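# Architecture and fold: a report
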Amino acid sequence: MPVPMPDDRPENPYLELLARGAPAEAYERPVLRARADKAPADRLAALEAAKLLALRVRGELEGRRRREAELSALFETAHDLAGLRDLDAVLQAIVQRARSLLGTEVAYLTLNDPTAGDTYMRVTDGSVSARFQQLRLGMGEGLGGLVAQTARPYVTESYFHDPRFQHTHTIDAGVRDEGLVAILGVPLLLGSGVIGVLFAADRRARVFEREQIALVGSFAAHAAVAIDTAHLLAETRTTLAELEAANEIIRDRSRVIERASDVHDRLTELVLRGGGVHAVADAVAEVLSGSVEFLEADEAPAAAVDRSRADGHAVRDGEEDWVAAVSAGGELLGALVLRGHPRLDPVDQRTLERAAMVTSLLQLARRSAGEAEQRVRGELLDDLLDAPDREPRLLRERAARLQADLDTPHVVLAAGIEAPGMGTPTTGTGNTHATGTGTGTGTGNAHDATHGTTHGSGPGSTSSTSGGAPAEDAAGRRRLWAAASHLAATRHGLAAPRDGGTVLLLPLADGDTADALARRTARQLGTAAHAVVTVGASAPVPAPAARPGEVAAGYVEARRCLAALRVLGRAGQGAAAEDFGFLGLLLAGTREGAPDGTGVQDFVHRTVGAVIDYDERRGTELIRTLDAYFAGGMSPARTKDALHVHVNTVAQRLERVGRLLGPDWQSPARSLEIQLALRLHRLTSAMGGCSA
């Protein structure tokens, strides 16, 4: 049998096809030509075997070329990561390479958003749908949700017919808009957690091979590394920026400390030399190269001072001035004003604030000396009130050392600070027709009218604590005491804390009256203490040193006036007994030549005692009903509105009153007596402890 020539060997045509890189369908042609030439069966069998072998070799070569391309893409991605500058560019390159190597129509990458609790599209390639590119997927929704939950790759040949994952209208609408059918999703793993998903998808049914899934997994790993590296770089840059900022702050603070130390040394030396607040202002003006002035509290710009106290720093006032409040313990002592500085750097601002602090210390020191004098004044007034048998000569000598003259007419004043919410002081001139519980227009009963007027630190105290915390009440009394002490010192009088309030003994000038002095004092103390202050005054005491007993009696009278003002809804005003008309008989108390109040009590008991006794026995409110009835112009309709009861209830109560007081109780004469008795009953109830 002849040996075939090399050209006749069956594998030769296929070697040429392999060398040319011919497509797979070209490998059928040698067999078809041999059949057309009617080649023998053994020749056809040899060609078939050579064809199959060539196709295997071709497939192996294609796989190697594909792996070479994949490795090249992975190496390029690794190179991109090594020189990472722009995370978006790296992720875009990863998605593009995944799409190119797998030959898919679309590739995209989603990342988790821990803040929103969902995932969002970070990068897409090949997408044509705006809705798809803007999709946000809830955790656990769609194919991506399944990948994120299991941390494993998932493939679907037909997305809309795959029941393994949760379909939602939003996701399905976006996928349908993009036209996707086959989808491969691979998790982006960082440690044991999933931070996103890398997808490859086609708009037709397709089977993804294991090698392709592994390739996408490699790209997903690179993407996770890129994201982690970018985060680390961002954190590093942030840390470096923070360190640089901290270093700059340290340098600034060092300069601040040096300047502050210099200012502190100068101010300390100034204080040790005995300098005052104006000397401090001069020293600061020299350091800041400007004009600095100390202003008293009532002279300083109020708005700027309030802002400085609220912020705790010096604040700008206008275009060129700076103001630093001088305060201590919540009390405003004044302000330092720097003029002619449109701009003030933080170091200079701190210098002005430090000077304000030193000024407050100097003011407190000066106040301490003043408080020592206040204590001496208070002790002298206490002796006049508690020991009326003191030797007049000694009293005069002690008063002279305080520049007080106790041989001239004086007035005893009882001042009390009102708690927040006690009611707005009424206007008017102090007539005796005001009724009610604190507003001058109400109709409440005696208990309502007196509530909160006699609670304090001692028996029958006149301090008011209704509606305020104990700490607030104590602070208010301290402010009242400080204001009263200052007023007494400037008026050459005396002041002392007493019964939860303050008592003053002030000289009465020629032509002045006790009533006018009380009103003036209430206004001055209220302004100084930043609160509502009520002041009751006694009748003038001609010579306190010669007749010290009248000072104590005058104090009792002043306290009664204070209580009456509160009962009559005149909190925040000042008045003496002479301002109350017929009520002055009650308020004048047991002063020499004045009634002792027994006749008033008899009058009240004789006029409305039956009703009072009935209320006490039965727990009814007939007295309160009478108050409301007369306050409402004797109208049952207005009475039931004031008492919030039915008109029939009012009629029944008034019928009971008629049986107790007699059928003529509504006659003009009887009704006037009853109204007077009701008002005296309220006042005596409110001031029961004031005569102690």
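Here the structure is shown first, and the text comes after it.
Residues numbered from 1 in each chain as written. Predicted model: local features only at pLDDT ≥ 70, side-chain atom pairs only at ≥ 80, totals over all residues. Heavy atoms only, no water.

## A word on the packing of aromatic side chains
- In total, this model carries seven aromatic pairs according to the counting rule given.
- Taking 4.5 Å as the distance between ring centres and 15 degrees as the angle between the ring planes, the aromatic pair formed by Tyr108 and Phe199 counts as stacked. Within this pair, whereas Tyr108 is found in strand 1 (residues 106-113), its partner Phe199 is found in strand 6 (residues 193-202), the two being separated by 91 residues in sequence. The exposure classification of Tyr108 matches that of Phe199, with both residues buried.
- Through a chain of ring-to-ring contacts, the aromatic side chains of Tyr108, Phe132 and Phe199 assemble into a single cluster. (Phe/Tyr/Trp six-rings, centres within 6.5 Å; stacked < 30°, edge-to-face > 60°. Helix = DSSP H or I, 4+ residues; strand = E, 2+ residues; numbered from the N terminus. Buried < 20%, exposed > 50% of the residue type's maximum accessible area, 1.4 Å probe, protein only.)

## Some words on the sheet that holds strand 13 (residues 501-507)
- In spatial order, the strands read 12-13-11-14-15; together these five strands make up an open sheet with mixed pairing. Only two strands of the sheet have a single partner each, and these edge strands are strand 12 (494-498) and strand 15 (574-576). Going from strand to strand, the sheet's axes swing by 20 degrees on average, the running direction of each strand aside.
- Relative to strand 13, strand 11 (residues 410-417) runs antiparallel, the two sharing six bridges. Residue pairing for strand 13: Leu413 is matched across the bridge by Leu504.
- Relative to strand 14 (residues 533-537), helix 15 (residues 514-529) is tilted by about 160 degrees, and along the sheet it contacts strand 11, strand 13, strand 14 and strand 15.
- Where helix 16 (residues 549-567) meets the sheet, it contacts strand 11, strand 12, strand 13, strand 14 and strand 15, and its direction lies at approximately 40 degrees from that of strand 11. (Pairing = 2+ DSSP bridges. Axes fitted to C-alpha atoms, helices over the stretch in contact; angles between N-to-C directions. Contact = heavy atoms within 4.5 Å.)

## Quick word on the nonpolar core
- Core analysis: the largest hydrophobic core is formed by 27 residues, its most contacted members being Leu91, Leu102, Leu109, Leu188 and Leu198.
- Sorting elements by how many residues they give to this core places helix 8 (residues 210-272) first, with nine residues.
- Those residues in contact with Leu109 that sit more than four places away from it in its chain are Leu91, Val95, Tyr120, Met121, Arg122, Val123, Leu188, Val197, Leu198 and Ala223. (Core = buried A, V, L, I, M, F, W, Y, C linked by side-chain atoms within 4.5 Å.)

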